[in-house]
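Remarks on the overall topology
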Amino acid sequence: MARPLFAQINLAALRANLARARAAAPGAKVLAVVKANAYGHGLTRVLPALDDADGLALVELDAASTLRERHYTRRILLIEGFFEERELPELSQRRLATVVHNEEQTAMLERAVLPRPLEVFVKVNTGMNRLGFAPGAVARTCERLANTPSVAALRLMTHLSRADEDDGVAEPLAVFEAACRGLPYPRSIANSAGVFRHAEVGGDFVRPGIMLYGATPFAFDTAEMLGLAPVMTLRSELIAIQSLKANDTAGYGASYTASRPHRLGVVACGYADGYPRHAPNGTPVLVCGRKVRIAGRVSMDLITVDLTEVPAGRPAGHLHLVTQAIEHLEDVFVGMGFTVAEGPEVETDWFNFEGLNLPPSHPARSLWDTLYLDTSDLDGVGDQQLLLRTHTS
């Protein structure tokens, strides 16, 4: 039997977040960023929820090819471009748009003989200092590409490094405007943070990424404040309950010491599953609407929580794994600022979490801030689920 840890993808939330991006950037075409397997949510799994996007943006050629094989017909932009000249025929055959960010790529396009010319986004380095042409090289690059038979159309783009800061866009926008002055091509400027500042940032294409999956791009504005809903949640089980005496310790390094007798719940989820390894003792946890605390160091595959505030129950083995739609959590979600849809309007997709095989550094792991646990074996709790939530937003 597989380990009882599951991820839930809420397609309705993804649709709502996409709509939020479009509303924040009226008139702009929306290229939904789906790199890294849609931020770990599963590219083909979430594709139906992105029907309203004008196109997709990613970095992996094989993933773009998969999308075409699944008959996705809208624009697909490779936001790191191509890596070798031999990839260009496939880009042409698959009708993929590409970023060009350096001299080598420009020269490859000038040499290429393709069955179908490409849509090219010329990237300008406005201070991120990762990819992009120096501002002074942009006009000449565009001139060369505009006269290259393998190029069908040109766009201009940049990536804002500080769009999440109040004073973080004026300078790069000025650099971008100076670099692109006189060039009559559509522009793409806004990432997730820029989308929420589209009136200031502008652009013909926007590229929402992390916001689509329910995470805020800002340090001080929560996802709730921005009108975003979490797309991924985790669900697990309490697999044991220990009874501690005063001065008993728990976890590696005996980092938690009980100040009084209480029960300790053991959760089948740990840092290998994306829960923050350095979440300290006392990290708030909601158990059926009651705030409790993490007690002990987060282990690779286990978390321990102080169950003092939860009605007493008998020690349990493996608890029943709930596989139905989330129920009985309206009060908890409303208290956290979330909205709970009911009945068939809840679009979710459950899959076994272990099958993801994502490394600890994977970008999706920063999004996993909720964990659902069945508590049907705890007296006085009934068939509600236990909700674990860290303060990642």
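Thresholds, definitions, all that
Residues numbered from 1 in each chain as written. Predicted model: local features only at pLDDT ≥ 70, side-chain atom pairs only at ≥ 80, totals over all residues. Heavy atoms only, no water. Helix = DSSP H or I, 4+ residues; strand = E, 2+ residues; numbered from the N terminus. Buried < 20%, exposed > 50% of the residue type's maximum accessible area, 1.4 Å probe, protein only. Contact = heavy atoms within 4.5 Å. Areas by Shrake-Rupley, 256 points an atom, 1.4 Å probe, with all protein chains shown as cover. Salt bridge = Lys/Arg side-chain N within 4 Å of Asp/Glu carboxyl O. pLDDT = per-residue confidence, 0-100. Pairing = 2+ DSSP bridges. Axes fitted to C-alpha atoms, helices over the stretch in contact; angles between N-to-C directions. Right-handed = clockwise from strand over helix to strand, strands pointing away. Arc of directions from axis to C-beta.

Next up on the list: the overall build of the chain. When its secondary structure is counted, the chain shows 12 helices and 19 strands. Relative to its full complement of 393 residues, the chain shows a buried share of 53%. The contacts of the chain with a sequence gap of at least 6 include a subset with a gap of at least 24, amounting to 63%. As presented, the chain carries roughly 17400 Å² of accessible surface, and 51% of it is formed by carbon and sulfur atoms.

Let's shift gears to the pattern of salt bridges. Applying the stated criterion to the full structure yields 17 salt bridges. Among the salt bridges present, the one from Asp54 reaches Arg22, with a minimum N-O distance of 3.1 Å. Of this pair, Asp54 sits in the loop between α3 (43–46) and β3 (55–58) while Arg22 is found in helix α1 (residues 11–24), placing the two residues 32 residues apart along the sequence. In this structure, Arg94 and Glu69 form a salt bridge, with 3.1 Å as the shortest nitrogen-oxygen distance. Separated by 25 residues along the polypeptide, Arg94 in helix α5 (residues 88–94) and Glu69 in helix α4 (residues 61–69) bring together distant segments of the chain. Arg94 gets classed as buried once you look at its relative accessible area, which sits at 18%.

Examined against the element boundaries, Pro26 turns out to sit in the loop between α1 and β2 (29–33). The exposed category is assigned to Pro26, whose relative accessible area is 61%. Along the sequence, Pro26 and Ala199 sit 173 residues apart, while their C-alpha atoms lie 8.9 Å from each other.

Turning our eyes to something else, we now look at the environment of Lys29. Along the chain, the position of Lys29 falls in strand β2. You can call Lys29 partly exposed: its relative accessible area is 41%. Taking the C-alpha atoms as reference points, Lys29 and Ala53, separated by 24 residues in sequence, lie 7.8 Å from one another.

Per-chain confidence: the chain averages 82 in pLDDT, with 78% of residues scoring 70 or above. Taken together, the stretch residues 314–360 has pLDDT below 50 and engages in 100 contacts with residues farther than four places along the chain or on a different chain. Here residues 362–393 is modelled with pLDDT under 50, and outside its nearest four sequence neighbours on either side it reaches 135 contacts, counting other chains as well.

Strand order in the closed barrel formed by eight strands is β2-β3-β4-β5-β6-β7-β8-β9, with parallel pairing between adjacent strands. Strand direction decides the pairing type here: strand β7 (residues 151–158) and strand β8 (residues 187–190), joined by two bridges, are parallel. Bridging across to β8, Met157 finds its partner in Ser188. Across the sheet, α4 touches β3 and β4 (75–78), and the angle it forms with β4 is around 170 degrees. Across the face of the sheet, helix α6 (residues 103–111) comes into contact with β5 (97–100), β6 (118–124) and β7 while running at roughly 130 degrees to β5.

What follows covers the pairing of β5. Residue alternation in β5 divides its side chains into two sets, Ala97 and Val99 and Thr98 and Val100, and both sets are buried. Where β4 lies against β5, two bridges are found, and the strand directions are parallel. Bridging across to β5, Leu77 finds its partner in Ala97. With respect to chirality, the unit in which β4 leads through α5 into the neighbouring parallel β5 is right-handed. Here three bridges tie β5 to β6, and the two strands are oriented parallel to one another. Across the sheet, residue Thr98 finds its bridge partner in β6, namely Val120. For the crossover that starts at β5, traverses α6 and ends in the parallel β6, the hand is right-handed.

Turning our attention to unusual backbone geometry. The general pattern is negative phi for most residues beyond glycine and trans for most peptide bonds. At Ala36, a position not held by glycine, the phi torsion is positive, near 55 degrees. Note that Ala36 resides in helix α2 (residues 35–39). For Tyr39, which is not glycine, the phi torsion reads 55 degrees and is therefore positive. Mapped onto the elements, Tyr39 comes out in helix α2.

In this section: helix α8 (residues 170–180). Among all positions in α8, only Pro172, Leu173, Phe176, Ala179 and Cys180 are buried. Looking down the long axis of α8, one finds its buried residues gathered within 130 degrees of arc, a one-sided arrangement. In this structure, α8 carries Ala170 and Glu171 as exposed residues pointing more than 90 degrees from its buried face. The secondary structure elements touched by the buried residues of α8 are β6, α7 (138–146), β7, β8 and α10 (198–201). Looking at the residues trailing α8, positive phi occurs at Gly182, about 85 degrees.

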